[in-house]
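# Tertiary structure, described
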Amino acid sequence: QKEVEQNSGPLSVPEGAIASLNCTYSDRGSQSFFWYRQYSGKSPELIMSIYSNGDKEDGRFTAQLNKASQYVSLLIRDSQPSDSATYLCAVNRDSNYQLIWGAGTKLIIKP
Amino acid sequence: GAGVSQSPSNKVTEKGKDVELRCDPISGHTALYWYRQRLGQGLEFLIYFQGNSAPDKSGLPSDRFSAERTGESVSTLTIQRTQQEDSAVYLCASSFGPSNQPQHFGDGTRLSIL
């Protein structure tokens, strides 16, 4: 079992709909969770960080964390073609300095 | 500068040559990371520096790879006797301290070995 798992996709979503991206992790001691977006040929950029159970909203983005079920998700409302990218989930282990990265989910927003 | 700066942005070299990649982190960021990303693949951790502590070199794929960092500033990643499988984008990231702080990435160096 990988430490951080994401469906590789591609996930195809019509423009204007909600895109839902999921990530599961294996270490129950994980404390910090991050979503990054990576456009083709570009470096990853931070979208959201979340540390507590529940939802965290920032504009069209909502991160959801459920530590009991060991998953973190990212919702993108009113999806736009410019949201088409690979979304990386990263998880920080308790008392560890490294982020453990998922392989990413490729998202395609269809006009 | 405001962000992580990497140079060169592109490097083409012949197999067997040595290359040196440079990373200038965000000012005040004590943690610095190097990653490798092959085409269509995920991020592969290489090495981590935190302040004056001994670096974590656990991700370096072979002894041809080495990295240095001067204090909490510039870092260089050196690849000796390059091989074609070294072709990849090398990404540097920095963060304000370790652990629960997000990492911020530079634009990367695209390395091509002929």
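For the structure itself, look to the data block above.
Quick summary incoming for the structure in this document. Computed from a prediction, not measured in an experiment: that's the story for all the values here. (Residues numbered from 1 in each chain as written. Chains lettered and ligands numbered in written order. Predicted model: local features only at pLDDT ≥ 70, side-chain atom pairs only at ≥ 80, totals over all residues. Heavy atoms only, no water.)

A word on the overall build of chain A. Along its length, chain A carries zero helices and 11 strands. For chain A, the sequential pattern of α-helices and β-strands runs β-β-β-β-β-β-β-β-β-β-β. Relative to its length of 111 residues, chain A is compact, with a C-alpha radius of gyration of 13 Å against a globular reference of 13 Å. Taking the principal axes of the C-alpha coordinates as reference, chain A spans close to 45 × 30 × 20 Å. (Helix = DSSP H or I, 4+ residues; strand = E, 2+ residues; numbered from the N terminus. Rg over C-alpha atoms; globule rule 2.2 N^0.38 Å.)

Residue and element names in this part refer to chain A. Ordered by their spatial adjacency, five strands build an open sheet running S1-S3-S8-S7-S6, and the pairing between neighbours is antiparallel. Taken across any chain shown, the strands that pair with only one partner, and hence form the sheet edges, are strand S1 (4-5) and strand S6 (54-58). Here strand S7 (residues 61-66) pairs with strand S8 (residues 71-76) via six bridges, running antiparallel. Within S8, the residue paired with Leu65 across the bridge is Val72. (Pairing = 2+ DSSP bridges.)

Moving on to unusual backbone geometry. As a rule of thumb, non-glycine residues mostly have phi less than zero, and peptide bonds are mostly trans rather than cis. Gly9(A) connects to Pro10(A) through a cis peptide bond whose omega is 10 degrees. Inspection of the secondary structure puts Pro10(A) in the loop between S1 and strand S2 (11-14). The residue after Ser7(B), namely Pro8(B), is reached through a cis peptide bond having omega -10 degrees. One can find Pro8(B) in the loop between strand S1 (5-7) and strand S2 (10-13). Positive phi, close to 50 degrees, is recorded for Asp78(A), a residue that is not glycine.

Next up on the list: the interface of chain B and chain A. Interfaces are frequently sized by the accessible area removed from exposure as the parts join. Counting from both sides, the interface comprises 20 residues of chain B and, opposite them, 16 residues of chain A. Summing the contributions of chain B and of chain A, the shared interface buries around 1,400 Å²; its carbon and sulfur component is 54%. Where chain B meets chain A, there are zero salt bridges. Linking chain B with chain A are four residue pairs in polar contact (both at pLDDT 80 or more), by the criterion used here. Looking at the side of chain B that touches chain A, the elements with two or more residues in it are strand S4 (31-37), strand S5 (44-50) and strand S9 (104-105) of chain B. No other element matches S4(B), which puts three residues into the side of chain B that touches chain A. Looking at the side of chain B that touches chain A, its residues break down into nine nonpolar, eight polar and three charged. (Contact = heavy atoms within 4.5 Å. Buried area = accessible area lost by both parts, 1.4 Å probe. Salt bridge = Lys/Arg side-chain N within 4 Å of Asp/Glu carboxyl O. Polar contact = N/O pair within 3.5 Å; in protein donor to acceptor, adjacent residues only side chain to side chain. Nonpolar A, V, L, I, M, F, W, Y, C, P; charged D, E, K, R; others polar.)

What follows concerns the pairing of S5(B). Residues and elements named next belong to chain B. Taken across its seven residues, S5 has six buried, putting it largely inside the fold. The pairing of S4 with S5 spans six bridges and is classified as antiparallel. Following the sheet pairing, Ala31 is matched in S5 by Gln50. Joining the antiparallel neighbours S4 and S5 is a turn of six residues, in which Gly40 adopts a positive phi near 75 degrees. (Buried < 20%, exposed > 50% of the residue type's maximum accessible area, 1.4 Å probe, protein only.)

A few words on the pattern of salt bridges. Residues and elements named next belong to chain B. Tallied over the entire structure, the rule returns five salt bridges over all chains. In this structure, the salt-bridge partner of Arg36 is Glu44, at a minimum N-O distance of 3.0 Å. Residue class for Arg36 comes out buried when judged on its relative accessible area of 4%.

Residues and elements named next belong to chain B. One can find Ser73 in the loop between strand S6 (65-69) and strand S7 (75-79). Leave out the neighbours within four places in its chain, and Ser73 touches Pro25 and Leu32. From its side chain, Ser73 meets the backbone oxygen of Thr70 in a polar contact 2.7 Å long.

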